[in-house]
Amino acid sequence: MPTLKRYIMCFTLRLNRHKKLVLFAIVALTVILIHRYMQSDHYLIEEFSFSLPPSQKSGPHNEVHNQGHARITQKMKHVSEEESQRYVDYMAENFIINFTVIRNTASYALKKISLHNVGQLKIPYFVWSIYFYDITFVGNSRFPYPMGLRLDNAELLIFHEGGNLYRLQPTNKFPPTIHPDDRIEVEYDAYGPHVSRYFSFPNWFVSCPTCAPRILKCTQGESLDFVEKLSKVPQLKRFENDLHKPFTVNDRFKRNSATGNLRKLPMNSVIPTPLKVEGGDGDSLLVTTGDWVINAQDFKEEAKLLAESLQLDMKKTEAVSTVITFSRTKINLPTDSKLSLSEAYEILIDPDSDTIQIKANSEPGAFYAVQTLFSLMEKEQDKKTRSVGYRFPKIKITDAPRFEYRGLMLDVSRNFVTKKDILKLLDLMAMYKINKFHFHLTDDDGWRFEVPQFPELTKFAANRCHDPSRKVCLPPSLGSGPYTNTSGSGYYSVQDYKEILRYAKSRHIQVIPEVDVPGHAGSAVKAMELRYKKTKDAKYRLTDPDDLSKYRSAQAHTDNAVNPCIDSTYEFFKVILLNLHDMHKDIQPLTYYMLGGDEVAKGAWERSPVCEKFKRDKGLMGYHDLKKYFFKRLVNELKLKGLNVGLWEDAVLNDNQEPHPVEESKKGKLYTYSWTNIWEWKKGSLAYKLANAGYKVVMSPATYFYLDHPYEPDPEERGLYWATRYIDTQTVFSYQPDDLYRNRGTQHNGAPMTDDILCSGGCPPLKEPQNIKGIQADLWTETIRNVDQMEYMLFPRLLALAERAWHKAPWENIKDLTRRNLKQQTDWEVFANKVGHKELRRLEEKRVKYRLDLPGGRFSNSILEVNTIFPGTPTEYSLDGGKTWKKYDPEISTKLQHKGSILLRSSSFDGKRKSRVVSVD
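Definitions and limits used
- Residues numbered from 1 in each chain as written.
- Predicted model: local features only at pLDDT ≥ 70, side-chain atom pairs only at ≥ 80, totals over all residues.
- Heavy atoms only, no water.
- Helix = DSSP H or I, 4+ residues; strand = E, 2+ residues; numbered from the N terminus.
- Buried < 20%, exposed > 50% of the residue type's maximum accessible area, 1.4 Å probe, protein only.
- Disulfide = S-S within 2.5 Å.
- Pairing = 2+ DSSP bridges.
- Contact = heavy atoms within 4.5 Å.
- Salt bridge = Lys/Arg side-chain N within 4 Å of Asp/Glu carboxyl O.

K.L.:
Kindly report on the environment of proline 455, identifying the contributing residues and their values.
P.N.:
Structurally, the position occupied by proline 455 is in the loop between β23 (446–447) and α11 (456–459). Under the relative-accessibility criterion, proline 455 is labelled partly exposed at 34%. Sequence separation of proline 455 and glutamate 81 is 374 residues, and the distance between their C-alpha atoms is 34 Å.

K.L.:
Tell me about the state of the cysteines, and name the residues and values.
P.N.:
Across all of its chains, the model carries four disulfides by this definition. Between the sulfur atoms of cysteine 565 and its disulfide mate cysteine 611 the distance is 2.1 Å. In this structure the cystine formed by cysteine 565 and cysteine 611 twists about its S-S bond by roughly 105°; its chirality is therefore right-handed. A residue pair is termed long-range when its members are at least 10 positions apart, and cysteine 565 in the loop between α13 (522–535) and α14 (567–585) and cysteine 611 in helix α15 (residues 609–618) qualify at 46 residues. Both residues of the pair, cysteine 565 and cysteine 611, count as buried. The side chain of cysteine 759 participates in a disulfide bridge whose partner is cysteine 763; the two sulfur atoms lie 1.9 Å from each other. In this structure the cystine formed by cysteine 759 and cysteine 763 twists about its S-S bond by roughly -95°; its chirality is therefore left-handed. Judged by relative accessible area, which is 29%, cysteine 763 ranks as partly exposed.

K.L.:
Residues and numbers for the pairing of strand β2 (residues 108–117), please.
P.N.:
Counting buried residues along β2, eight of its 10 residues qualify, which places the element largely inside the surrounding structure. By the bridge criterion, nine bridges tie strand β1 (residues 95–104) to β2 in an arrangement that is antiparallel. Bridged to threonine 100 within β2 is lysine 112. Two successive antiparallel strands, β1 and β2, enclose a turn made up of three residues. With nine bridges joining them, β2 and strand β9 (residues 183–191) adopt antiparallel strand pairing. Paired with leucine 110 across the bridge in β9 is aspartate 189.

K.L.:
Can you explain the environment of glycine 522? Please cite residues and give values.
P.N.:
Tracing the chain through its elements places glycine 522 in helix α13. What makes glycine 522 buried here is its relative accessible area of 0%. A sequence separation of 80 residues divides glycine 522 from threonine 442, and the C-alpha atoms of the two residues are 9.1 Å apart. For glycine 522, the residues in contact, after removing those within four places along its chain, are Asp444, Asp559 and Asn560.

K.L.:
Account for the pattern of salt bridges, naming residues and giving values.
P.N.:
Close approach of charged atoms allows side chains with opposite charge to pair. Per the counting criterion, the structure on display carries 55 salt bridges. Between arginine 414 and aspartate 443 there is a salt bridge, with the nearest N and O atoms lying 3.7 Å from each other. Here arginine 414, found in the loop between β20 (405–411) and α10 (419–431), pairs with aspartate 443, found in strand β22 (residues 442–443); they are 29 residues apart in sequence, far enough to count as distant. Taken individually, arginine 414 and aspartate 443 each receive the classification buried, so the pair is uniform in this respect. Two residues, glutamate 791 and lysine 424, come together in a salt bridge whose shortest N-O distance is 2.9 Å. Pair noted here: glutamate 791 is in helix α21 (residues 787–794) and lysine 424 is in helix α10, with a separation of 367 residues, a long-range link.

All we've got here are geometric facts, nothing functional implied.
Encoded structure:
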């Protein structure tokens, strides 16, 4: 001990003797450590934060938002709020964005954002953020990154705002000034390939903590001019062995050449093809206003529809001529028929007696008979009298649909579709006898129908805008921009919804509302959390506040699953579904509702204390058991008799991706929609497995009927391509619902399908064919922001869906592959000619912006040859680089003395719309 005392005393004396030197060393060391700390992530993440305006200081999102701004150091003089807004306004006008894909690999795409200051103003360092969209996971291997994704140059960080919205923001290493003509480049990686310009989104915007957001002008609108065109192999191929490539004009010519031009169609040409047609290509009769009447002993509403269209009077008359009669009569169908009898009809048009007879088993059949008459008739106008008449062929048609369920699903959550456009779509569905409207009303990106008890669902969750407080609206997504005046916002009031129901009912279309749960429920989760914070009433809360689960959905949402272990979740959905029931009851009673159940992210509820206890108490194991419990309880608690429930197929699968057995009490009442038919995923046979397990099945295979996929493997085509690279109209037409294994398609990379891959997940036979109820096309709207884009993606492909849903072609019964393919091609030729020579004109009369398929062409021995996939579609050519255009006439050989490229394009019949331009050498 004395020795220790002497040592301490000695050290103290020496310290006093060199006090100045020691202090200097300590100060120097402190300065070095502080400098290093300020340059480190720890300082940037934990120590520095900007004060935010009062409206932005609360909420869980702002904790991340503040941490993001914490990575920035003010190195310049203070910039006032007014100056910050002025700089943001300037950036929006004068920053030119260039976005490009550098290359794709099997797991990610490398992308680049370039910012160019083309104005004359110097931008000092301040806290700005540029918000952009990427539909995949940015920095996938490093996700999540709540403190920001560090980029190679470390001058900028990317933050994930939620869903597909990201934020680009400067760090303390960013230059103190952005000078005129300065360029800033950022490279980042994102999950999956990016091989289409339309995989990008418009309406990027810039803001700051105290600023109003402004859309970057160069990204505004639908042109996507700021996205560089993809033309190089690393940009066009999804992965190294991707065999798909954009079609050349010569490729299209060869493909189109397989379809001969029939020049003139017989008058009996109808889509979808009737069951039995006799006559139709000889005599005809002319129905004129004033001379003809309609006698509707039965089916008065259906008769009224025909009377209004033909401008005829409805009178009860004993006249035996110049009369159209409607009568309820049993329609005789083949004895072995499995056709839908309730929708059967018969038409007899007899010029000899000047009569048209319409017979049907019930109202839907009479309605479809009227639709067939609309398709058969040709409008005539007498030049002398200027009277209008409608010519019909001498014909007898007996008809009924192969499937009772012929559906279209429309997603209005990702991007809203107005009531007016929904009504127009219902008219178009009725034209082609599609009778089920699957209405996808809710998802993460928006809640779209009014529930009076919960105003937050429409005041908050039906709108998207830039709102860091998260009290006004959902965040922007999918190119909706920072304001609420875009397709990102909107909802149907109770009256709107009822009007849609009435309209659908009058056209014999059943509306099937979908409230997607327990995943895909981000809009509801956020709305009800906002309600809880306002009212402190937890009765309808959808989350466990102590849940620490970490997960990421397929659409990059981290907070979109309702909690199945709390009573308040069920109380909420009882209110929602009973509201839907009440809206339907006096118009179109609700007999079927859709609960979704797809893509619930793995990891949801794993760290919820409530669920941990709940699983122990109920003897449940995990994720799949919780989903099964959720749907069983929800259905049971509704206690509404006579209701069928629909679910996406993933909702009823166990850990081994096999269907749960159907409980005896639920048999015949549970419908599943089978969509993941990708053979490489070992799920191609799920539709049969579900049917064999006792579920009623609607076949909705993604590689055939997901009409949000592109028409061609072209970078200029809109659409997603996760299931298949493209789906053209002939692909939809070729689907064979009665034999799942004939729908082989190709492998994901475009190579021929092999038997080993086809049956890698098993090829069980269909033991319960009565459980296959029909087919459905699905239109998800991630890349669709207006009605023109919606119609482009639907038409003409939806006509092929209608054909397969209503009519079973004779070639479907041929077992020999070679003979079947030959007959299928012949049938396709007839169908394609119907579309090109007739149906496109009908769509045009309805002001439908259908897709104009690009022409094929070749130039040989001075002769220009041009064709289209739908014969009869107008085409044009230009010899002067597009300055002037001439109509191409396939009847006349176009001999040209021309060197260089000839430009080609398709045209609508009225000449108002043109396709993209292609060139032929």
